[in-house]
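# Residue-level structure breakdown
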Amino acid sequence: MRIRRLQTRIILLFVALLALVQVAAFWFVNAANSSNAHAKIEEELNIGQRVFARLLDQNADKLKLSARVLAADFAFREAIATHDTGTIASVLANHGARIGADAMVFVDLDGNVVSDTLRPGGGARRFEYPALLKMNRNDATASMEVLDGRGFQLVAVPVLAPLPIGWVVMGFAVDDAMARDLRTLTELEVTFALETPQSTDKHWRVLASTVGDDEQRALLAGMPQLAGAAQRLVVDISGVDHQALVIPLDDNDNARIVAVLHRSLGGALAAFERLRNTLIVLAVLSIVMSIVGSIAVARSITRPLETLASAAARIEQGDYVEPVRIERSDEIGVLASSLNHMRGSIADREKRILKLAYEDPLTDLANRSRFANELERAIALASSGEFGLTILMMDLDRFKYVNDSLGHGVGDHVLREVSARLQSVVESAECIARLGGDEFAILVKTGLAHDRDCTNTARRIVDALEAPILFEGQPLDVGASIGIARFPDHGRDAQTLVRNADIAMYAAKRNKTGYAVYESHYDTTQQEHLSLLSELRRAVERNELRLYYQPKVSLHSANISAVEALIRWEHPTRGLVSPALFIPFAEQTGYIKLLTRWVLREAMRQCGEWLREGLRLTISVNISARDLMNRDLPEQVAALLTEYCVPPSLLCLEITESGFMEDPAHAQRVLDRLSELGVKLSIDDYGTGYSSLSYVMRLPVQELKIDRSFIAQMASDPEIATIVRSTIDLGHNLNLKVVAEGVEDLAAWNMLRVLGCDDAQGFFMSKPLEARALSAWMRANDARFDCPGAISNTARLRSLR
Amino acid sequence: MAGDLTLAVRDAGGKSVSDAVLYAVPDLAATSVPAPTAPPARALIDQVDKEFVPRVSIVRAGTEVFFPNSDNIRHSIYSFSPAKTFTTKLYSGREAAPVQFDKAGIVVLGCNIHDKMVAWVYVVDTPWFAKSGADGSVTLKGLPPGDYRVTAAAPASNLGAVTTDVHVDAAPAQHSFTLTAP
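Turning our attention to the overall build of chain A. A count of helical and extended segments in chain A gives 25 helices and 27 strands. Put simply, chain A has 801 residues, and 36% of those count as buried. Put simply, of all contacts in chain A between residues at least 6 apart along the chain, 61% involve residues at least 24 apart.

See the structure below:
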């Protein structure tokens, strides 16, 4: 089982360690104590034995001394010397009493008992222990003997008159009093016992003891067969072990007297037991205290950890308000403060992330996501029917041009300025957002069905953007187109509303009306538009693209030596699709590069084919800004020229002013290399951009194409006509061929001829034709444009030449 | 007409024993030796250096024995012997009165103060007695012929007494005693 909780683990560890230490300590102390106790008992017994032996010796010495003193007493000797038995008996009794002897015997030199206070009368008999009788007074010894069934410490001293005339034997009874005396000094229980080998049933008999009868019996039952030396044994006395020491005191054939010193082990071990109990209590107490302490320690660790964990959980759930409250200076305090810092940092970062996620960093307006959220929310609220909503989708006209031609810095400035103006104009908006690029969206809460409110807002915006935006003192003219869709009239969900506002905006842009409220018929064109874009991707693979060629007719000779290749999409269901419908989107998506490559290849292939047919035509191909960013373009062009054996001079690449303004240096390099190949270059749509003429001069171009808008208006507007003329002059001064586009009538044709323009291109001469149709037309007209109604002019011109 | 009796005393090891007490008592029943009369006599047992000097004395019954004290400490002489029981008070110098040993027998003397002091006084009813010399022998002179009970004893040498019958006539007789420890 794994213990997961830190607290439990800490407690277990603490307690286990302490318990281990306690058990070990207890075991050691207990063992030491136990052996100490036993050693102490041993030692006590040893001491007891020594003291006992010493006491007996002292007793014997005292006895000997007394006996000698008595034996030397003149009166005593005198009485003994009288040989008067009566007197002797009385003297023995009297003097015996004087020294406290319990037995007094006089033995004559022959070893016969003359008188005996213990056993008076009884006739003549030998003294039982002749070994005690020594002639020399100094040899007198004391020994334990049995007299009349009782134990005595006996001493025999010769009675000198002055030669020995007999022995006086004195005995001190071995009795309970003596045992008690010995116990007082040895602190051991003392028992004197007698072994009588003759008797069969009762081996041992107690002579004297300090213990009671029961204990004596138990002791005797445990007595061993004695050898000569002192012996130790453990005797069970009424359930308690006693350690006993058996000391032989006298050993002769008849009887054996021993002293048994003993003490209860229980008594000796009592102190040890108390110590052990104290140890156990201490161990248990310390374990309990360690449990309490480790719980406290564990809690002091795990409580803050739990607090930290719950704080972390709160942060995880996004609650950054409540800080972690742990006031400590230790690691946990540091961790808590780190967590607090982290909480603040995460809150800040989340705020930043939210800002990034929901705000446009450039303008500080809401972004697309935020707008979508706000819109969803507003729709949910407005669904109650209490109020209506209006969304305005705004797209800047000409912004792309500003951005492309003047750089992103200017574009950003424009966007910021527009957003500032928006904010000042529509203060009541629920949300003003920049959706990306130059797209803005405004959400306004309105009353129900109040068209005027929203159109007023749109008008105010348009008016606000009328004033030019200044960038470094230069005015920039940026207009706007606004599409308006209302909830619930033009859609009940956000997606529909936004789409419809978008559609309205495109309508406004198309119609150049500034703003437009959504109308249902806008929808279909827009739908078409979007689906075309998705289908364009498959157009190349399905071989749905075609190149049409529009001739460029010389205004001087009416000869046709060049054509412009124009792409057409032959849609399987829609029929021919105008390039205006898909080229801008192809440019936006980058798909234009593939289209350009396809166009170049197809144009070169066609050029080569015509060459083989004997038709030498320069083909112009439109190159977009993105194509100019492609540094491989010159190589690709060279490869195609080689592949189809086309002289480079038969290829003319048309570029718009904006096409090279995005990265002029890079564009210049690409154009230089194309020029080195021998490819002609032409500036398309000249006059619509802001390009500096001096810059154009540096480009290796051979041709200038005047934008169709000038040609269309030059007849009605003398100023435009002046511009056209100046442009033509300018081109000629720069040694460029000048081509006019969009020539749709004879008036234009003639006017351009008068102005000295070199070539003309337009429906007046020919619409774009398929290659086969063109070549047929060319052959039929001898590669000349037979200008209806201008023959005379032509003729006149010819004649002039 | 009288004969001499030369007596020699040896111990069990054959060594001559000096200061042995020797005396001959005529066997009145067997001989015609006249019973000796007892002339008053005096003897002297000195106490020198906590010793009786001589340690062994032999006197004729009726002899008065003087106990001068040559030590500068006092002594108290006693005897529990049946032949003569007496005791003197503590005395020094020549304070003690003489003690008459009037009965034949062995009297052992002790000092009540000094247990080690011991002396033997052989009180005999015969004029023929002597102590052996350094060579362990002595000659009793002027013994009328007849039978005698001759006793040799050397208590100071811790040897047992020996008594033997000896016939004495005109010719010098001799007898050798071998004493053994009792």
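Looking now at the overall build of chain B. Counting its regular elements, chain B contains zero helices and 17 strands. Per-residue burial for chain B yields a buried fraction of 35% across its 182 residues. For chain B, long-range pairs separated by at least 24 residues make up 62% of all intrachain contacts whose partners lie at least 6 apart in sequence.

A regular strand places its side chains so that they alternate between the two faces of the sheet. All names here are of chain A. By the bridge criterion, six bridges tie strand 3 (residues 142-147) to strand 4 (residues 150-160) in an arrangement that is antiparallel. Within strand 4, the residue paired with L147 across the bridge is R150. Once strand 3 ends, the chain turns through two residues before running back antiparallel as strand 4, passing D148 with a positive phi of about 55 degrees.

With that settled, the discussion passes to the interface of chain B and chain A. Listed as interface residues are seven residues of chain B and, on the opposing side, eight residues of chain A. Residue composition of the side of chain B that touches chain A, grouped by class: four nonpolar, two polar and one charged.

Time to look at the environment of T455 of chain A. Residue and element names in this part refer to chain A. Here T455 shows up in helix 11 (residues 451-466). Among the residues examined, T455 registers 17 C-beta atoms within 10 Å and is labelled partly exposed. Taking the C-alpha atoms as reference points, T455 and A516, 61 residues apart in sequence, are found 8.2 Å from one another. Setting aside residues up to four positions removed in sequence, T455 forms contacts with I484, Y515 and V517.

Moving on, we come to helix 3 (residues 85-99) of chain A. Residues and elements named next belong to chain A. Across its 15 residues, helix 3 extends 21 Å between first and last C-alpha, which sits within 8% of the 21 Å expected from 1.5 Å per residue. Contacts made by the buried residues of helix 3 are with helix 1 (6-72), helix 2 (74-81), strand 1 (103-108), strand 2 (113-116) and strand 5 (164-173). Looking one or two residues past helix 3, G100 carries a phi angle of roughly 80 degrees, positive in sign.

Ranked by size, the top nonpolar core spans 111 residues in total, and within it V168 and V169 of chain A together with L7, V9 and V121 of chain B carry the most contacts. Setting aside residues no more than four positions away along its own chain, V9 of chain B makes contact with S16, V17, A20, L22, S132, G136, A152, A154, F177 and L179 of chain B. Ranked by size, the runner-up nonpolar core spans 72 residues in total, among them M604, L653, M714 and I728 of chain A.

Residues and elements named next belong to chain B. On the basis of which strands lie adjacent, the open sheet formed by five strands has the order 6-12-11-8-9 and mixed pairing. Because the sheet does not close on itself, it has two edges, and the strands there are strand 6 (56-60) and strand 9 (86-87). Pairing geometry for strand 11 (residues 105-111) and strand 12 (residues 118-124), over six bridges, is antiparallel. Paired with V108 across the strands is W120, a residue of strand 12.

Predicted confidence across chain B gives a mean pLDDT of 86, with 93% of residues reaching 70 or more. The ipTM for the predicted assembly is 0.78, set against a pTM of 0.45.

We now examine the packing of helix 15 (residues 592-613) of chain A against helix 17 (residues 633-643) of chain A. Residue and element names in this part refer to chain A. For the pair helix 15 and helix 17, interaxial distance at closest approach is 9 Å and the crossing angle is 25 degrees. Classified by the interaxial angle, the pair formed by helix 15 and helix 17 is roughly parallel. Two packed elements cross with a definite hand, and for helix 15 against helix 17 that hand is right-handed. Residue-level contacts link R597, L600, R601 and M604 of helix 15 to Q636, V637, L640 and L641 of helix 17. Across the contact of helix 15 with helix 17, the residue classes break down as five nonpolar, one polar and two charged.

All names here are of chain A. Within helix 5 (residues 213-221) the residues assigned to the buried category are E215, Q216 and L219. Summarising the axial view, the buried residues of helix 5 lie within an arc of 105 degrees, below the 170-degree limit, and thus occupy one face. Seen from the open side of helix 5, the exposed residues pointing more than 90 degrees away from its buried face are D213, D214 and A221.

This next bit is on the environment of G222 of chain A. All names here are of chain A. Looking at where G222 falls in the secondary structure, it is placed in the loop between helix 5 and strand 8 (231-237). According to the C-beta neighbour criterion, G222 is partly exposed, with 18 such atoms within 10 Å. Separated by 15 residues in the primary sequence, G222 and I237 have C-alpha atoms spaced 9.1 Å apart. Not counting chain neighbours up to four residues away, the residues in contact with G222 comprise L233 and V235.

Our next topic: the confidence of the model for chain A. Residues shown with low pLDDT carry predicted positions that ought not to be read at fine detail. All names here are of chain A. Put simply, chain A has an average pLDDT of 82, and 92% of its residues get 70 or more. Predicted confidence in chain A is weakest over helix 25 (residues 791-800), with a mean pLDDT of 43, and strongest over strand 25 (residues 737-740), with 94. Taken together, the stretch residues 791-801 has pLDDT below 50 and engages in five contacts with residues farther than four places along the chain or on a different chain.

Residue and element names in this part refer to chain A. Pairing of strand 18 (residues 545-554) with strand 19 (residues 560-571) involves nine bridges; the strand directions are antiparallel. Residue pairing for strand 19: K552 is matched across the bridge by A562. Taking the residues between adjacent antiparallel strands as the criterion, strand 18 and strand 19 are bridged by five residues, where A558 takes a positive phi near 65 degrees. Pairing of strand 18 with strand 27 (residues 769-770) involves two bridges; the strand directions are antiparallel. Note that in strand 27 the partner of Y548 across the bridge is E770. Note that strand 18 and strand 26 (residues 759-760) share two bridges and pair antiparallel. When the bridges of strand 26 are listed, V553 appears paired with A760.

Residue and element names in this part refer to chain B. Spatially, 14-1-17 is the arrangement adopted by the three strands of the open sheet, whose pairing is mixed. Only two strands of the sheet have a single neighbouring strand rather than two, namely strand 14 (137-143) and strand 17 (173-179). Between one strand axis and the next, the sheet turns through 20 degrees on average, direction left out of account. Bridge count for strand 1 (residues 3-11) against strand 17 is seven bridges, and the pairing is parallel. Each bridged residue has a counterpart across the sheet, and for D11 the counterpart in strand 17 is L179.

Omega for the peptide link from F487 of chain A to P488 of chain A comes to 5 degrees, which places this bond in the cis form. With respect to the element layout, P488 of chain A can be found in the loop between strand 16 (480-487) and helix 12 (494-511). Cis geometry marks the peptide bond from V53 of chain B to P54 of chain B, where omega comes out at -5 degrees. The residue P54 of chain B is located in the loop between strand 5 (51-53) and strand 6 in this model.

What counts as what
Residues numbered from 1 in each chain as written. Chains lettered and ligands numbered in written order. Predicted model: local features only at pLDDT ≥ 70, side-chain atom pairs only at ≥ 80, totals over all residues. Helix = DSSP H or I, 4+ residues; strand = E, 2+ residues; numbered from the N terminus. Buried ≥ 20, exposed ≤ 12 C-beta atoms within 10 Å, placed from the backbone. Contact = placed C-beta atoms within 7 Å. Pairing = 2+ DSSP bridges. Nonpolar A, V, L, I, M, F, W, Y, C, P; charged D, E, K, R; others polar. Expected span 1.5 Å × (residues − 1). Core = buried A, V, L, I, M, F, W, Y, C linked by C-beta atoms within 7 Å. pLDDT = per-residue confidence, 0-100. Axes fitted to C-alpha atoms, helices over the stretch in contact; angles between N-to-C directions. Parallel < 35°, antiparallel > 145°, perpendicular 65-115°, else oblique. Left-handed = near helix turned anticlockwise from the far one by under 90°. Arc of directions from axis to C-beta.

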